[in-house]
Number of protein chains: 2
Amino acid sequence: MILKSQVEWALHCCAILSGLPEGRYLSTKALAELHGLPKEYLSKALQSLSQAGLVLTTLGPSGGYRLAKAPSELTFLEIVEAVEGSGRTFVCNNIRANNPCRPQGYCESGPCAIARIMWEADEAWRAKLRSVTLADLGEILAQDIPADIWNGTFEWVLKRAG
Amino acid sequence: MILKSQVEWALHCCAILSGLPEGRYLSTKALAELHGLPKEYLSKALQSLSQAGLVLTTLGPSGGYRLAKAPSELTFLEIVEAVEGSGRTFVCNNIRANNPCRPQGYCESGPCAIARIMWEADEAWRAKLRSVTLADLGEILAQDIPADIWNGTFEWVLKRAG
DNA sequence: CGAAATAAGGATAACACATATCCTTAATCT
DNA sequence: AGATTAAGGATATGTGTTATCCTTATTTCG
């Protein structure tokens, strides 16, 4: 059970977009170059973000993407779910209903106990992702990344942002 | 990102095995019938449990599986990882290393900040699964399942347990 | 107005992995 | 000796991810 690589791409792209000055846009081409990713396929991930309303777009030259909200209002969970979907990782096929000992036509009262426990674990995962915003990530990155690389990347991005 | 259905099967099988009297074994055939599952393929899930040391097996007629530990010592996480593997759901491909602004030969100090956050969420998921044992599940099931079905199933199992 | 650049999205192929079945082997019980 | 079982190898089959290509509509700029 592994998350799509598009989740990783979307998170990195949002991290870049969160550093973009108000009102400017960054293209798929620039984001793909910056991360060494196939432009056409990365485009699908960005479209997912757009469909989820997390980013805004403009067309034409100098077009591209920007965040639809402040970084402090955009959580990891929103980004992950935009790309990966919001379904649970554990799917209950209700195999208890195949028990030959059960009376004909017997109907369960609620979801299977095993499913409930697995879904609680899913929710713990989601709760953690919901608690981290792009602004939190920005603070961590500012400490992690050497100032020269940080600034160099920022200039590189601004040169290409429409 | 969906867990294998074998995870569901393994959990249900372990739930049954946890009700088995000391020293008795239940066969793949019986477990497959009870849950309405393909015997040959369910066998693969049970082999995973065996390889992980969670269940013990015997050969020959009256052979089959029993738990290797007390239900109170066997966690959901162990069962899930036996079938699904213990790898993380988020794989970091270190795409930050493709940043064209970075100096040649520059080497990262540690794992990517995005990966660290995603891995914390994974750990929250694992922590929840680690906190629930088969004994806990047994208590919940005893309350969920009507007594007649519970007892009927128990008899059905005992009739087939070697 | 016309050319270039861009996002959006449909079609399709390649690939990996989950699912499923079949068969052989070795061990165990009656 | 014969029946039953777990273990595991080999081999399909199906589904979802990854990836590429192409068309369309929109916007910017000369």
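This write-up is about the structure you can find in this document. (Residues numbered from 1 in each chain as written. Chains lettered and ligands numbered in written order. Predicted model: local features only at pLDDT ≥ 70, side-chain atom pairs only at ≥ 80, totals over all residues. Heavy atoms only, no water.)

## Comments concerning the overall build of chain A
Formally: Elements are defined by DSSP. Helices are runs of H or I of four residues or more, strands are runs of E of two residues or more, and each kind is numbered from the N terminus. Radius of gyration here uses only the C-alpha atoms, and the compact-globule reference equals 2.2 Å multiplied by the residue count raised to the power 0.38. Buried residues are those whose accessible area, probed at 1.4 Å on protein chains only, stays under 20% of the maximum for their type, while exposed residues exceed 50% and partly exposed ones sit between those limits. Between two residues, a contact is recorded if the distance between any of their heavy atoms is within 4.5 Å. Positive: Lys, Arg. Negative: Asp, Glu. His and the chain ends are not part of the count. By convention, charge coordinates are those of NZ in Lys, CZ in Arg, CG in Asp, or CD in Glu.
A tally of regular secondary structure across chain A gives 7 helices and 2 strands. Ordered by position from N to C terminus, the α and β elements of chain A give α-α-α-β-β-α-α-α-α. On C-alpha atoms alone, chain A measures out to a radius of gyration of 21 Å, which is more than a quarter above the 15 Å that the 2.2 N^0.38 rule sets for 162 residues. For chain A, the spread of C-alpha atoms along the principal axes amounts to about 70 × 35 × 25 Å. The proportion of buried residues among the 162 residues of chain A is 45%. The long-range fraction of contacts in chain A, counting pairs at least 24 apart against all pairs at least 6 apart in sequence, stands at 68%. For chain A, the distance from the average position of its 16 positive side-chain charges to the average position of its 17 negative side-chain charges is 7 Å.

## What to know about the relation of the copies chain B and chain A
Applied cut-off: Superposing copies: least-squares fit, C-alpha atoms only, residues required to have pLDDT of at least 70 in both.
Least-squares fitting of chain B to chain A yields an RMSD of 0.0 Å, with the transformation described by 0.0 Å of translation along the axis and a rotation of 180 degrees. Both copies are brought into coincidence by an operation consistent with a two-fold rotation axis. Closest approach to the rotation axis within chain B is made by the C-alpha atom of tryptophan 125 of chain B, at a distance of 2.5 Å. Interface residue correspondence from chain B to chain A reaches 100%, placing this contact among same-surface, isologous pairings.

## As for the protein's contact with DNA strand C
Basically, it comes down to this: Nearness is judged by heavy atoms alone; a residue qualifies as near a molecule or strand once a single heavy atom is within 4 Å of it. As used in this structure description, the phrase polar contact means that two N or O atoms lie within 3.5 Å; if the pair is within protein, one of them must be able to donate a hydrogen and the other to accept it, and residues adjacent in sequence are counted only when both atoms belong to side chains. All residues other than Ala, Val, Leu, Ile, Met, Phe, Trp, Tyr, Cys, Pro, Asp, Glu, Lys and Arg, Gly among them, are scored as polar; the first ten of these are nonpolar and the last four charged.
Contacts to DNA strand C come from 24 residues, most closely from Lys44, Ser50, Gln51, Leu59 and Tyr65 of chain A. The sugar-phosphate backbone supplies 59% of the atoms of DNA strand C found within 4 Å of the protein. Here a phosphate oxygen of DNA strand C and a backbone polar atom of threonine 28 of chain A are 3.0 Å apart. Taking tyrosine 65 of chain A, its side chain carries an N or O atom lying 2.6 Å from a phosphate oxygen of DNA strand C. At the level of secondary structure, the elements contributing two or more residues to the surface near DNA strand C comprise helix H3 (39-51), strand S1 (55-58) and strand S2 (64-67) of chain A together with helix H1 (5-17) and helix H3 (39-51) of chain B. Examining the composition of the surface near DNA strand C, we find that 4 residues originate from one element, H3 of chain A, more than from any other. Grouping the amino acids of the surface near DNA strand C by side-chain chemistry returns 8 nonpolar, 12 polar and 4 charged.

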